[in-house]
Every structure is written in structure tokens, then in C-alpha cells.
Amino acid sequence: MEPKSLLTCFLVLVVSGVGGVEWKHSAVLDNNFLVLWTPGDRDVTFEIQVKTLGYVGLGFTKNDRRVGADMVIGWVDNNGQVHLQDRHVKDAGRDPQMDSSQDYRLLLGYENKTHTVLRFSRRYDTCDPRDLKITNDTMQVVWQYHAEEPVSAAGVLPAHGAVRGSRPLYLVQRGVQPKRTSRNQGLEPPLQVWDVLNQQVHLPMEQDTLLWCRVLKMPNIHRKHHVVRYEPVIQPGSQEYLHHMTLYECRGNPANMEAAAKTTGAVCYQPSQPSLQCNTIAATWSLGSEGFNYPAEAGYALDPHTGPRYYMLETHYTNPELDAFISDSSGLRLLYTERLRTHDAGILSVGIDPNWRHIVPPGQPEVVSEGHCVTDCTGHTVPNSGINMFAVIMHTHQLGRKVRLRQIRGGEELPPVASDTSYDPNYQEYRKLQRPVKVYPGDHLIAECTYSSESRQAITLGGLTTREETCLVSVLYYPRIELSLCYSLPSLPTVLHSLGIQKLMQGSSPVMIQAPQELHGMTLEERLMSYDWETSFPSFQEATRRGTFKPLCWSSKGAPLPKTELPEAHYPHILRPYEEQTLPCSKKPLRNKLSMLLSEDGDIGAPVDPDSDEANAVERGQLVRSKVSRSSEGPAAGGSGVKSTSVALIVAVVVAAFR
């Protein structure tokens, strides 16, 4: 099946809700594999539709993939019976082994002339050590399928020929497409489109990174509108060269902006270019993102009277292989309406100012850096009623492994606004918060980034290129306030102290060290390059995290906000640190003789309760086995085929319960 056909099939399913399920999310894993899912309060329901009549598999693993994978394997045999087996992979290159605890629940299964379709559910936390918890973190989703099926219920997989793959996904906190019904479709006015696109940007053949900026004028509208969605427009073949695209509001000199808007763009931030004061983010896309839908109560304002008239599209290109003759016309598409939402939304950037003072030492499994939005900043800009944060997008470059946005109020650390302990730099999608988080005046916010620099032999400095590093959390919120950028930067004394430097020589060029005596005469650059990171890293980390920093609190007009300019600030005093509560497991895993014989983890888990529903649903030693009819329709079919399958499934389970 072609990608376009598979996507069309998915759209039909999402709208129709085959079998009574309204799918909230979907992903095309490859041209033959579609997964749909809907998170619930305690569990998540999946459906996989795969172009094969053999076995299919879906699973989850950690970002580093060193701990193996948690997988479910299923197929429909020649007798029309559906098999679903909870398995695990101990290490790469091995077939999934049977779990002694079976924690996936089959809901529907059939195959037609071309596809195998399985629907199943599982708890977020199954209480089985072999199963990976499904959390708000980035999940590495793995899949595999084969043209053939196992020859028996024991599920010995064919030796060769399986198709495998993996990709990162948010399974829980992810933006949801608004549901369109016949009722609201007639009431909702058609959305207008503003395409903000580059024009044949040529990537230089001698550079692996390009930051390109293009200024554009907003649409010719005469009154305020709200942007309700934006999405990437990616030129075919350009996906691998795009790292991120950010649309900024510009509030500089009108004549300079008008002149810039008549060009197709230029390399960003050159000293010879006039200042356009493009600082406040209006929309942003990063690698892996599919765009963003605003909630029903808020939208981004396009206002010809009080808002900016000019915008700048900043596009970060990467070309690590130095491919020749690459040009691109990608950009962003903004969908807007004249029907205004209740609130104007804004984007607040919290993080570390991209500067050389942000140092990531080499060869370390974990380096923590923090960017602060201080109480003086929120105290002078956030209204007493607070603002409501409803989504975030986290951004680092290649070394990022964990990101969280912390919140401190009155000496107490609240639960993180957002956290990802399996962050993947190649998947930077919007994370929609389960419920809006309130920020009040005086709150202290910390963007905390954890890096792994084991692959680097030299230090990595903060900056805009992919070889440099950054730590940024962009927060979508309402109602909009003047605060746009809330950064911090390690103070120079903090940086020097972290490097064991007491004093620099005044006016020296290059910058020379004066004290301590053992470093006298060494340049600052030499100290950075020759520092003994292996033995001195703990003291460096402590000095960096607990030293002073320069807070930066800027308005949407690109200038420091009054009463917020501080020479330096200190780490907040936290009287009650946040401690994550771990709830004990209450469910007993399902075990049976077949799974215990076939698994390699017979010592894991608790015995099955003989009176439990799970035990009664096991059919004669097979893990999950239901007699269902084969549908003659395709995966997108609705109506009678699915209903008969569901009825047959119920009958099979009832029969099994009385055997």
C-alpha cells in the first residue's frame, strides 16, 4: 500500500471510530504498519493494522535500548483463531521471548486478504518487571512483522525475514486533533491559510549547518483574527535537512523590515544586518513535530492594530554529509479564523541564554544545566490571577537526554510542569499538558536539561549550531502577558570558579589567567581545553549549579522589562523539595503453564489468582485465543464485519470461562 493510501485509510478510521472506539492518536510506522491508540485513565487501547498475513508485533523500549524491549506478538492462524502473546526482548538481535505474566488484553482480531488487524489494551503500569511502564516520557516504539505466522500456539517465530523498525512517540501527553462533527462543521467558519515559506534556500556544500532567516509581512487583514493551528510544510526530500523552524514577531524599524520583506532571506544574525528586533516566538516546529492545535479557549492573535505586522522565519538546516546541490522551500502553515477564542495565547521561553558560558564537559554520562526564570521576573509580569500553561515543547541539541520544567513557589517545589526522562533530540513534539498548570507572580521556574557527553572528546559550548548545545523549554499559555523570554546565563565569576580560576589579567588579549599561581600565564582557552574533567567534574558541576547567574527578563518588544534587571541572582532556597510519589502495584500478574514453560523469567511475578477473570479467560493453556471470523473487508471497513468479529470474540471468551 502506498503511503498516501495508508494515510487515507487512517483518516477513515479516526473519523468513523471502527468498532465503537474513537481513536485520539495515530502514527504510520512504515508503509505497511499503522498504529492507532487512545489513552484512558488507567490503561491505553491500541489497534495495529499491518499489511501482512503473518505475525505482527508492537513494543516499547527505553531511549538507550540497552534494556531490551517489551513487546506484544499476535497473529491469526489458518483456523481463524487469534493469538496475542505478551513477550519481551532481552537484547538487540534476539526474538521476543514469552513473559510468564500476560498483561495484554485482546479486544478484537481478524485478517482479510491483505491485512492483519489486532486491537488490545494494557495498563500503564502492569506491575510486571518485564513490562515497560507507559509514561509521559518519550517512548521508543518498536515494531516487527513477517509474511509467515508461527506454526503453533507455542509461538516459535520464523527464523528469518522479519521487518523491524523503531521511532520515538509521545503516547500519553500529545496534542489531539479537534473532533469535527456535522454539528460544529456547519457552525465553524472555514479556516484561512497563511503559508510562511522559504524560497529555494541553497545549502552551502562546505558547511554542515545553516541558519537562514526570512522576513515576511502578515496577511492583509483589517481586524483581529486567531491562529488555531499551525503545521509544517516540508518540501519532499528535505525532511533530513530540517532541524527546526521558528516564526518570530518583529518590532524593529518599519523601513528596515519592509526592505527585508522584499528579499528571499539571508544568513541569520550577521553583524552587517540591521537590527529587526525579532525575539518573541509566534510558532515553532522542531524535528519530529506534526504541528499544534490550540485549545478551544485560546488562540494566537493576528492583530493589524496592536500586534506586529512583520514576522521572521528562522530555519535551522543541518547537512552532516555535506550533500551537494540541496535547495529547500519548506516552512510553516498557519490556520486562522475571524471567530475569536476567549483568550489570546502566548509563548514563554524559559532556559539558558545560548552563550559560551554554558559549558558541557566531555566524557560524562550525565551533565545537568539549568536556566532560571526568577521571582523578580514573574512578580512584575504575571497578573495576580496567574497564567495557564497548557503545552510545552522541549529543545536541546544532540546531547540532551532528560528535560524538565520545575516550579518553585514560596520555598516549596511543586510537581514539574513537564518532565521527560527519556528525551530524544530527534523527536521534539509538542507535549499537551493533561491539565493547565497555573503560574502566579513570584513563582520561580527552572528549565533543567541533562546531557550525555560520553561521545565527545572536547567540551561543548552553548550556542545555536547543532554541535553546540542549548537548553530551552517553550511554554504555551494564556492569557498573554508582556513577558516573552525568561533566560539566565552563568555569571563570569561562576564560570571561572568552576574552572578553578581565581583571577584574570586585566586587558590581556588573548584572555590570560593571573591566579592561582599554578595557572598563571595560561590562556582561558587553554584552560578550557586542558582541564582535567575526569577528576574535577563533581566540583565543576556543583559550582555551576550553585553559583550566581545573570537573569534575563525580556518583553515581546525585545527589550529588558523595567524593574527586572538584576546584576546577578542566586539559586532559589527550596525548603520542601519535590518528591515523586510511587504508588504500589495492586494487580497480580497473570501466569499460566505455557507462558512459564516458554519464558525465561519464571521467577518473576506473583502466582495467578485462580478465581480471577484473567485466569478464567485463558483457553486451555493458550495465552489469549479467541475464535473470530475472518473479515472480507479491509482495515478501514466498518459495520457488519467488525460487529460479527466482536460477537464471536465475546462468545469465545464465555465458552472458555466454562471449560
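Here is what the cut-offs are and how they apply
- Residues numbered from 1 in each chain as written.
- Predicted model: local features only at pLDDT ≥ 70, side-chain atom pairs only at ≥ 80, totals over all residues.
- Heavy atoms only, no water.
- Helix = DSSP H or I, 4+ residues; strand = E, 2+ residues; numbered from the N terminus.
- Buried < 20%, exposed > 50% of the residue type's maximum accessible area, 1.4 Å probe, protein only.
- Areas by Shrake-Rupley, 256 points an atom, 1.4 Å probe, with all protein chains shown as cover.
- Phe/Tyr/Trp six-rings, centres within 6.5 Å; stacked < 30°, edge-to-face > 60°.
- Lys NZ or Arg CZ within 6 Å of the ring centre and 35° of its normal.
- Salt bridge = Lys/Arg side-chain N within 4 Å of Asp/Glu carboxyl O.
- Pairing = 2+ DSSP bridges.
- Axes fitted to C-alpha atoms, helices over the stretch in contact; angles between N-to-C directions.
- Contact = heavy atoms within 4.5 Å.
- Polar contact = N/O pair within 3.5 Å; in protein donor to acceptor, adjacent residues only side chain to side chain.
- Lys, Arg positive; Asp, Glu negative; His and termini not counted.
- Disulfide = S-S within 2.5 Å.

The helix and strand tally for the protein chain stands at ten helices and 39 strands. Counting across all 659 residues of the protein chain, residues that qualify as buried make up 54%. Per element, the accessible surface of the protein chain, about 29,800 Å² overall, is 52% carbon and sulfur.

Evaluated as defined, the whole model comprises 17 aromatic pairs. Relative to Tyr430, the ring of Tyr230 lies with its centre 6.1 Å away and its plane at 75 degrees, an arrangement referred to as edge-to-face. You can see Tyr230 sitting in strand S15 (residues 225–233) and its partner Tyr430 sitting in the loop between strand S30 (412–420) and strand S31 (431–439), a full 200 residues away along the chain. Judged by relative accessible area, Tyr230 falls into the buried class, the value being 2%. Here Tyr430 falls in the buried class, since its relative accessible area comes to 1%. Aromatic ring contacts, followed pair by pair, group Tyr230, Phe292, Tyr294, Phe390, Tyr430 and Tyr478 into a single cluster. The aromatic ring of Tyr170 is capped on one face by Arg431, whose charged end is 4.2 Å from the ring centroid. Between Arg546 and the ring centre of Tyr571, over which it is positioned, the NZ or CZ distance is 4.3 Å.

Moving on: the pattern of salt bridges. Following the criterion strictly, the structure yields 20 salt bridges and no others. Between Glu370 and Arg406 there is a salt bridge, and its shortest N-O distance comes to 3.0 Å. Residue Glu370 is located in strand S27 (residues 367–373), and its partner Arg406 is located in strand S29 (residues 400–409); the two are separated by 36 residues in the primary sequence. One salt bridge in this structure joins Arg545 and Glu448, with 3.8 Å as the shortest N-O distance. Here Glu448 lies in strand S32 (residues 444–451) and Arg545 lies in helix H7 (residues 533–546), a separation of 97 residues in the sequence. Relative accessible area serves as the criterion here: at 9%, Glu448 is assigned to the buried category. Connected through salt bridges with shared partners, the residues Glu370, Arg404, Arg406, Glu413, Glu448 and Arg545 form a single ionic network.

In this section: the pairing of strand S35 (residues 483–490). Within S35, eight of the eight residues are buried, which leaves it mostly tucked inside the rest of the structure. The pairing of strand S25 (residues 346–352) with S35 spans four bridges and is parallel. In the sheet register, Gly351 faces S35, and the bridge partner there is Tyr487. Bridging between S35 and strand S38 (residues 549–555) involves seven bridges; their strand directions are antiparallel. Residue pairing in the sheet places Pro490 in a bridge with Phe549 of S38.

This next bit is on the environment of Gly68. Of note, Gly68 is situated in the loop between strand S4 (56–61) and strand S5 (69–76). Here the alpha-carbon distance between Gly68 and Pro96, two residues 28 residues apart in the chain, equals 9.4 Å.

On to the pairing of strand S14 (residues 209–217), then. Judged by how many residues are buried, S14 sits mostly within the fold: eight of nine residues are covered. As paired elements, S14 and strand S21 (residues 310–318) share nine bridges and run antiparallel to each other. Bridging from a neighbouring strand, Leu211 pairs with His316 of S21.

Bringing the sheet that holds S30 into the picture now. Paired through backbone hydrogen bonds, the strands of a sheet run either parallel or antiparallel to each other. Strands sit in the order S27-S32-S29-S30 across an open sheet of four strands; the sheet is antiparallel. Looking at strand neighbours, the two that pair on one side only are S27 and S30, the edges of this open sheet. Strand-to-strand twist in this sheet, taken as the mean axis angle between neighbours without regard to direction, amounts to 20 degrees. Both S27 and S32 contribute to a ladder of seven bridges, which runs antiparallel. Opposite Cys373, over in S32, you have Leu445 as the bridge partner. In the packing of H7 onto the sheet, the strands contacted are S27, S29 and S32, and the crossing angle to S27 comes to about 5 degrees.

It is worth spelling out the side chain of Asn198 at this point. With respect to the helices, strands and loops of the structure, Asn198 is situated in the loop between strand S12 (192–197) and strand S13 (201–202). In this structure the side chain of Asn198 is engaged in a polar contact, spanning 3.0 Å, whose partner is the side chain of Thr315. When neighbours within four sequence positions are excluded, Asn198 is seen to be in contact with Trp212, Arg214, Leu313, Thr315, Tyr317, Asp328, Ser329 and Ser330.

Our focus in this paragraph is the side chain of Asp30. By the element assignment, Asp30 lies in strand S1 (residues 25–30). This buried residue, Asp30, is left without a salt bridge; Arg167 holds the nearest opposite charge, at 10 Å. At 2.9 Å, the side chain of Asp30 forms a polar contact with the backbone nitrogen of Phe33. A distance of 2.8 Å separates the side chain of Asp30 from the side chain of Tyr145, its partner in a polar contact.

Here the focus is the state of the cysteines. For the structure shown, the criterion picks out five disulfides. Each sulfur of the disulfide joining Cys213 and Cys268 lies 1.9 Å from the other. Its S-S torsion of approximately 110 degrees makes the covalent link between Cys213 and Cys268 right-handed. In this pair, Cys213 is assigned in strand S14 and Cys268 in the loop between strand S17 (266–267) and strand S18 (278–286), connecting sequence segments 55 residues apart. Classification of Cys213 as buried rests on a relative accessible area of 11%. Its relative accessible area of 6% is what places Cys268 among the buried residues.

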